[in-house]
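If you want the building blocks of each chain, they are given just below.
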Amino acid sequence: MVYLQQSSRDFQRIYAKVDWMSAIPDDKPLSAVTIPGTHRSMTLYGGPLVQCQAWSLSIQLDAGLRYFDMEVQENFFTKNIEVLDGAIIHQQFREVLGMLRSFLLKHSSETVVLRVKTESRGTIKITKNMMKNDGDVWWEPSVPTMAEVRGKIVFMESQSVNLGVLNRDTSIKGDEYFKNLEKKMKIIVNHLNQAKDICANYPVLTASNGRRYLWIIKTPKSVAKVINPELFKYLNNLLKSPQKPMCLGIIAMDFPGPDLIELIIKFNGKSENSGAKGEGGKKWETGGGGTGADGVRIVEGNGECGDKGGKVERVKMEQKLVRVEMQGKVVGVEMEKVVRVKMEQKVVVRVAM
């Protein structure tokens, strides 16, 4: 088994997975798709304390990875948006977008989820304008169906950039610190358990990366060497279980190898636990039947609930948005420590009455 990226050639054994999303039904919400991805996707160099990946972006795409995160910053002199890690510049952001578009043009069944972070207000404004003016980018807060985003980049909201698909980041401050492997795996498993309970309706992000071990600084690769095999073992057992979840959301990793990537993709097969459940046990369906703007309808018993429109209230927590209200009715997930509330424009959906 290959749990860790070894070279630019070891992805070729799963090259046939390059169009794996073609098997996902058109009416399936993106949140209900289990997606393998990378943490700090463009940090290919800069030394062992910085590097989180060995494969270029094009190889990551060919290997089946469909989620990417990166830090961006406006260059004071050139005014270009650059992908960086600290002071190390890895790529121009426009070049990254170009590579993603080129891949999607060749593989129109696929979609790519992109999440960016920045500390600069100026960069945030420029990035948001770039996304909103790009016809190949889904930047709305609602969860799209696969049919709506095939061949497109899906921009996902981050702590610093409040634009894109609303999502739940299960990671909390301090997760990268752990005393031993057992404790780190417990954190990851707890996050995945959170994800499988809500991913049918809400995009969920779980990161497996770590940088420190006890009081000794450990590199991302040295941590991945021990985490990735254990993550594979856990997911493999879960996949074979009669209680296999219908989805696990997005799993972002450092140095994921081809076997680990392929295993995560397999969770998109048939599940004993199929049937997405919404708030209060109501079943959420997608596509057809005159669904709302986000392609979602809620079915209660044998009768469908009516259409309702209104403003979406974004409530931001310390880490991530976790609650969405429509017409004063909570349809999201509640957490503590509200730090920001933002009202969005009218979104028409079908909601429970």
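Source: prediction; values computed, not measured. (Residues numbered from 1 in each chain as written. Predicted model: local features only at pLDDT ≥ 70, side-chain atom pairs only at ≥ 80, totals over all residues. Heavy atoms only, no water.)

Some points on the overall build of the protein chain
Each helix and strand counted, the protein chain has 7 helices and 22 strands in total. When each of the 353 residues of the protein chain is scored for burial, the buried share is 55%. Long-range pairs, those at least 24 residues apart, make up 71% of the contacts in the protein chain with a sequence separation of at least 6. Put simply, the protein chain shows about 16000 Å² of open surface, and 51% of that area lies on carbon and sulfur atoms. (Helix = DSSP H or I, 4+ residues; strand = E, 2+ residues; numbered from the N terminus. Buried < 20%, exposed > 50% of the residue type's maximum accessible area, 1.4 Å probe, protein only. Contact = heavy atoms within 4.5 Å. Areas by Shrake-Rupley, 256 points an atom, 1.4 Å probe, with all protein chains shown as cover.)

What to know about the state of the cysteines
Applying the stated rule across the entire model yields 1 disulfide. Bridging Cys199 to Cys247, the disulfide has an S-S length of 1.9 Å. One quick way to see it: the torsion about the S-S bond of Cys199 and Cys247 is about 105°, and its sign makes the bridge right-handed. Residue Cys199 is located in the loop between α5 (181–198) and β10 (204–207), and its partner Cys247 is located in the loop between α6 (220–240) and β13 (250–253); the two are separated by 48 residues in the primary sequence. Both residues of the pair, Cys199 and Cys247, belong to the buried class. (Disulfide = S-S within 2.5 Å.)

Notes on the packing of aromatic side chains
The final tally for this structure, using the stated rule, is 1 aromatic pair. Aromatic pair Phe76 and Phe77: ring centres 5.4 Å apart, planes at 85°, arrangement edge-to-face. Taken individually, Phe76 and Phe77 each receive the classification exposed, so the pair is uniform in this respect. Just above the ring of Phe76 sits the side chain of Lys79; from NZ or CZ to the centre is 5.0 Å. (Phe/Tyr/Trp six-rings, centres within 6.5 Å; stacked < 30°, edge-to-face > 60°. Lys NZ or Arg CZ within 6 Å of the ring centre and 35° of its normal.)

Some details on the pairing of strand β1 (residues 35–38)
Of the two faces of β1, the one holding Ile35 and Gly37 and the one holding Pro36 and Thr38 are both buried throughout. Bridging between β1 and β13 involves 4 bridges; their strand directions are parallel. Considered in β13, the bridge of Gly37 is made with Ala252. Two strands pair when backbone bridges link them, and β1 and strand β2 (residues 67–74) are joined in this way by 2 bridges, in the parallel orientation. (Pairing = 2+ DSSP bridges.)

Quick word on the environment of Leu30
For Leu30, the location among the structural elements is in the segment before β1. Apart from the residues lying within four places of it in its own chain, the contact partners of Leu30 are Ile35, Thr111, Val113, Val143, Pro144, Thr145, Met146 and Val154.

Examining the packing of helix α2 (residues 93–106) against helix α3 (residues 121–132)
Close contact between α2 and α3 brings their axes to 13 Å; oriented N to C, the two are set at 25°. Taken as axis vectors, α2 and α3 run roughly parallel relative to one another. For α2 against α3, the interelement crossing comes out right-handed. Across from Phe93, Arg94 and Leu97 in α2, the residues of α3 making contact are Thr127, Met130 and Met131. Tallied by class, the residues present in the contact of α2 with α3 amount to 4 nonpolar, 1 polar and 1 charged. (Axes fitted to C-alpha atoms, helices over the stretch in contact; angles between N-to-C directions. Parallel < 35°, antiparallel > 145°, perpendicular 65-115°, else oblique. Left-handed = near helix turned anticlockwise from the far one by under 90°. Nonpolar A, V, L, I, M, F, W, Y, C, P; charged D, E, K, R; others polar.)

What about empty space enclosed by the protein?
This model, assessed by the stated rule, comprises 3 cavities of 30 Å³ or more. Put simply, the second largest cavity is a space of about 60 Å³. (1 Å grid on protein atoms, 1.4 Å probe; cavity = no way out; pocket = protein on both sides within 12 Å on 5 of 7 lines; lining within 4 Å. Points joined across faces, edges and corners; volume = space filled by probe spheres on them.)

Some thoughts on unusual backbone geometry
At Arg40, a residue that is not glycine, the phi angle is positive and equals roughly 45°. Tracing the backbone through its elements, the reader meets Arg40 in the loop between β1 and α1 (57–62). The class of Arg40 is partly exposed, set by a relative accessible area of 24%. The phi angle at Lys79 is positive, at roughly 70°, despite the residue not being glycine. Positionally, Lys79 belongs in the loop between β2 and β3 (81–85). You can call Lys79 partly exposed: its relative accessible area is 49%.

Quick notes on the nonpolar core
Formed by 50 residues in total, the largest nonpolar core has its most connected members in Ile35, Phe68, Met70, Phe93, Leu100 and Leu114. For this core, the element with the highest residue contribution is α2, accounting for 6 residues. Setting aside residues no more than four positions away along its own chain, Leu100 makes contact with Leu57, Leu61, Phe68, Val112, Leu114 and Ile153. The next biggest cluster of nonpolar side chains, apart from the first, holds 18 residues, and it includes Val189, Ile227, Phe232 and Ile264. (Core = buried A, V, L, I, M, F, W, Y, C linked by side-chain atoms within 4.5 Å.)

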